[in-house]
Amino acid sequence: MATVRIPRIVETALPVAVASALAVVTPLTAQTAEASGHWEGSIEAPTGPLVVMVDLAETDGAWSGTIDIPAQGAVDLPLSGVAVESESVRFTINGVPGEPTFEGTLAGGEITGEFRQGPARLPFKLGRDAVEVEAPSRPQEPKPPFPYDAEEVEYRNGDVKIAGTLTLPPGDGQVPAALLISGSGALNRDLELAGHKPFLVLADHLTRLGIAVLRVDDRGVGGSTGSTWQSTSRAKANDVLAGVRFLRGHDRIHPERVGLIGISEGGLVAPLALNRVEPGTIAYAVLLAGPGVPGGDLLRQQLRRIAAANGAPAQMIEELAALQDRALEIIGSGMPPQEAEAALREVVVEQLAASPETAQLSGEALEAAVSAAVESNLSPWFRFFIRYDPRPALGGLAVPTLALFGGKDTQVDADQNQSAMEAALAASGNQDVAIRRLADMNHLFQTAVTGSPAEYARIEETMAPEVLDLIGSWIAERFVD
């Protein structure tokens, strides 16, 4: 998934990368002790109340604080510009596009006022009483007891430790297995994002069908060591091969029935790994929204699809697309590091100014957003991703392959990537290939309306049952006795 998973506050017109930074304190000559401590309340957003939890503290005449936004998975986001004077209270969420700012009045044990982010102006109220936070409904998330065994496992790829969970069907005999490969970003073994756990749901479904499933933490997440951003998709393929060796050596796993299931970038990594082993080492591949074109081309189309799904006007889309082209040219060039960083900073500043959510950024918030974008875009992972062409590896696939695309996917556009993948797989001469497009599915294979990433958290479905059934039946028909 070639977008960064980041905290947001109020849904806005375009997705923009943000970064947290250290809290900045503002000294004052007068403080109001009543403002110290824990506050809970909500912003009255158009989609309904958005619960927030704020902690304010005063130390030696200076104020600081943090905020939690449970519905968006945001914890301990630092506040900047915290100002408490007489009855006035003001603070900003540091480093977030649109400079989200709370400005209110402290009276009667409450802070009430206006929340601003970009063009949005919304009322908010905070109090001392705990607010009941309703967890998002996720009816597919499996709950114990489970009719299968689960093992916490670890193995190594050189000096990198990979940690994960292996679920095993009951019994003593050997069973087929699937290794799940995550999309882009640093994600945990459940592929946890937007309140969903797609890999937990998929692993549960497959294990109940008699298929063992290994799902792992990405580098630098959970129990795994190393760094996702300082490695590349090629390194991720090596981690996958270490997982395959682990599974083939497990006494409950049939060594000739180990396959790969990759989503998004994982659908690029799986063929990359398959092309690096002897025939028979890996039995099959399932590619979910896998790229069929180089990453730079994919991102160009991704920007247009997401912006259009979020209602951005055509002129703005063209302006942002032109800036993206400039950025990708710099990132993909052989320019010396310092020169590339300076050139990219100029483009990022223009990108932030061109988007309504970030046009008002200034000072430390602007610097934090620019620095975060430059650092991530010049990372080894991103530079490899935009240059890598997956078609040669797809053309080398000689194992049974199932490829699925979502018709409403705005991150890996089906029109662009499905046709490219079909052509590459046709050239391979592989006779056991199935490629399907599911018209109403988004990038996570949820039944969607627009396909925008802004919908992910609002959809109760984690993965469409028909997709689970399709993957499970396809594997079971071939490899489950």
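So, here's what we can say about the structure. Along each chain, residue indices are assigned from 1 in the same order as the chain's sequence is written. It should be noted that, the model being predicted, local features are given only for residues of pLDDT at least 70 and side-chain atom pairs only at 80 or more, the latter also being counted only at that level, while totals for whole chains, interfaces and linings use all residues. The basis for every side-chain value is the complete set of non-hydrogen atoms in the structure, without hydrogens or water.

**Notes on the overall build of the chain**
Then, number 1: Along its length, the chain carries 11 helices and 17 strands.
Then, number 2: The C-alpha atoms of the chain give 24 Å as radius of gyration, which agrees with the globular expectation for 481 residues (23 Å, within 12%).
Then, number 3: The C-alpha extent of the chain, read off along each of the three principal axes, is 75 × 50 × 45 Å.
Then, number 4: Each residue is placed in one exposure class: buried if its accessible area under a 1.4 Å probe, protein chains only, is under 20% of its type's maximum, exposed if it is over 50%, and partly exposed if it falls in between. The buried share among the 481 residues of the chain stands at 54%.
Then, number 5: Any two residues whose heavy atoms approach within 4.5 Å at even a single point are treated as in contact. Within the chain, counting contacts between residues at least 6 apart in sequence, those at least 24 apart form 69% of the total.
Then, number 6: For the area figures, the Shrake-Rupley method with a 1.4 Å probe applies, and any residue is considered shielded solely by the protein chains shown. On the chain, roughly 19,500 Å² of surface is accessible, and the fraction owed to carbon and sulfur atoms is 51%.
Then, number 7: Of the side chains in the chain, 36 bear a positive and 62 a negative charge, and the two mean positions are spaced by 6 Å. Per the convention used, a helix needs a DSSP run of H or I reaching at least four residues, while a strand needs a run of E reaching at least two, with both numbered from the N terminus. Each radius of gyration is computed over the set of C-alpha atoms, and the globule rule expresses the reference value as 2.2 Å times the number of residues to the power 0.38. Only four residue types enter the charge count: Lys and Arg as positive, Asp and Glu as negative, with His and the chain ends excluded. Taken as the charge centre is NZ of Lys, CZ of Arg, CG of Asp or CD of Glu, depending on the residue.

**Remarks on the pattern of salt bridges**
Then, number 1: For this document, the term salt bridge refers to a Lys or Arg side-chain nitrogen within 4 Å of an Asp or Glu carboxyl oxygen. Applying the stated criterion to the full structure yields 23 salt bridges.
Then, number 2: As a salt-bridge pair, D432 and R478 come within 3.1 Å of each other at their nearest N and O atoms. Of this pair, D432 sits in the loop between α10 (414–428) and β17 (433–438) while R478 sits in helix α11 (residues 465–479), placing them 46 residues apart in sequence.
Then, number 3: On the accessibility criterion, D432 (27% relative accessible area) is partly exposed.
Then, number 4: Several salt bridges share partner residues, and in doing so they unite R90, E103, E114 and R116 into one network.

**Details of the sheet that holds strand β14 (residues 253–263)**
Two modes of strand pairing occur in sheets, parallel and antiparallel, and in both the strands are linked by backbone hydrogen bonds.
Then, number 1: Any two strands between which DSSP finds at least two bridges are classified as paired. Across the sheet, 8 strands lie side by side as β10-β11-β13-β12-β14-β15-β16-β17; this open sheet has mixed pairing. Only two strands of the sheet have a single neighbouring strand rather than two, namely β10 (149–157) and β17. Taking the axes of each pair of neighbouring strands and ignoring which way they run, one obtains an average angle of 20 degrees across the sheet.
Then, number 2: With 6 bridges joining them, strand β16 (residues 401–406) and β17 adopt parallel strand pairing. By the bridge assignment, G406 is partnered in β17 with L438.
Then, number 3: Angles here are taken between N-to-C directions and fall from 0 to 180 degrees, while the axes themselves are lines fitted to C-alpha atoms, restricted in helices to the stretch in contact. Lying on the sheet, helix α2 (residues 233–248) is in contact with β10, β11 (160–168), β12 (175–181), β13 (212–216) and β14; it crosses β10 at an angle near 125 degrees.

**Some words on the nonpolar core**
Then, number 1: By convention a nonpolar core is built from buried Ala, Val, Leu, Ile, Met, Phe, Trp, Tyr and Cys residues, the set being connected through side-chain atoms within 4.5 Å. Residues L260, I261, F445 and I471 are the most contacted members of the largest nonpolar core, which totals 110 residues.
Then, number 2: Once residues within four sequence positions are removed from consideration, I471 is found in contact with L202, L206, I261, V286, L288, L402 and L404.
Then, number 3: If you look at the next biggest cluster of nonpolar residues, it comprises 26 residues, including A45, L77, F102 and F124.

**As for the packing of helix α4 (residues 295–309) against helix α8 (residues 380–387)**
Then, number 1: Between α4 and α8, the least distance of the axes is 5 Å, while the angle of their chain directions is 90 degrees. What the angle tells us is that α4 and α8 run roughly perpendicular. For the pair α4 and α8, contact is made by G295, G296 and L299 and by F382, F385 and I386, respectively.
Then, number 2: For this classification, Asp, Glu, Lys and Arg are treated as charged, while Ala, Val, Leu, Ile, Met, Phe, Trp, Tyr, Cys and Pro are nonpolar and the rest, including Gly, are polar. Of the residues assigned to the contact of α4 with α8, the class counts are 4 nonpolar, 2 polar and no charged. By definition in this entry, angles of less than 35 degrees are roughly parallel, angles greater than 145 are roughly antiparallel, angles of 65 to 115 are roughly perpendicular, and the rest are oblique.

**A few points about helix α3 (residues 265–274)**
Then, number 1: The element α3 is largely enclosed, with a buried count of 10 among its 10 residues.
Then, number 2: E265, G266, G267, L268, V269, A270, P271, L272, A273 and L274 are the residues of α3 that are buried.
Then, number 3: On the buried face of α3, the contacting elements are β12, α2, β14, β15 (285–288), α8 and α9 (391–395).

**Thoughts on the environment of S355**
Then, number 1: One can find S355 in the loop between α6 (337–354) and α7 (363–377).
Then, number 2: By relative accessible area, S355 is classed as buried at 4%.
Then, number 3: Taking the C-alpha atoms as reference points, S355 and I317, separated by 38 residues in sequence, lie 9.5 Å from one another.

**Some words on the pairing of strand β4 (residues 62–69)**
Then, number 1: Along β4, 6 of the 8 residues are buried, which leaves the element largely enclosed by surrounding structure.
Then, number 2: Here β4 pairs with strand β5 (residues 74–85) via 3 bridges, running antiparallel. Within the sheet, the bridge partner assigned to T66 lies in β5 and is P78.

**Points about the pairing of β5**
Regular strands place side chains that alternate from one sheet face to the opposite one.
Then, number 1: Judged from the 5 bridges that link them, β5 and strand β6 (residues 88–93) form a sheet pairing that is antiparallel. Residue L79 lies in a different strand from β6, and its bridge partner there is I93.
Then, number 2: Connecting β5 to the next strand, β6, in antiparallel fashion are 2 residues, including S86 with a positive phi near 55 degrees.

**Here's the deal with unusual backbone geometry**
Then, number 1: Of note, the bond from P144 into P145 is cis; its omega dihedral lies within 30 degrees of zero at 5 degrees.
Then, number 2: Secondary-structure assignment places P145 in the loop between β9 (120–127) and β10.
Then, number 3: The residue D60 is not glycine, and still its phi comes out positive at about 50 degrees.
Then, number 4: The phi dihedral of A289 is positive, around 55 degrees, even though this residue is not glycine.
Then, number 5: By secondary structure assignment, the location of A289 is in the loop between β15 and α4.
Then, number 6: Taking the relative accessible area as the measure of exposure, A289 reaches 0% and is therefore buried.

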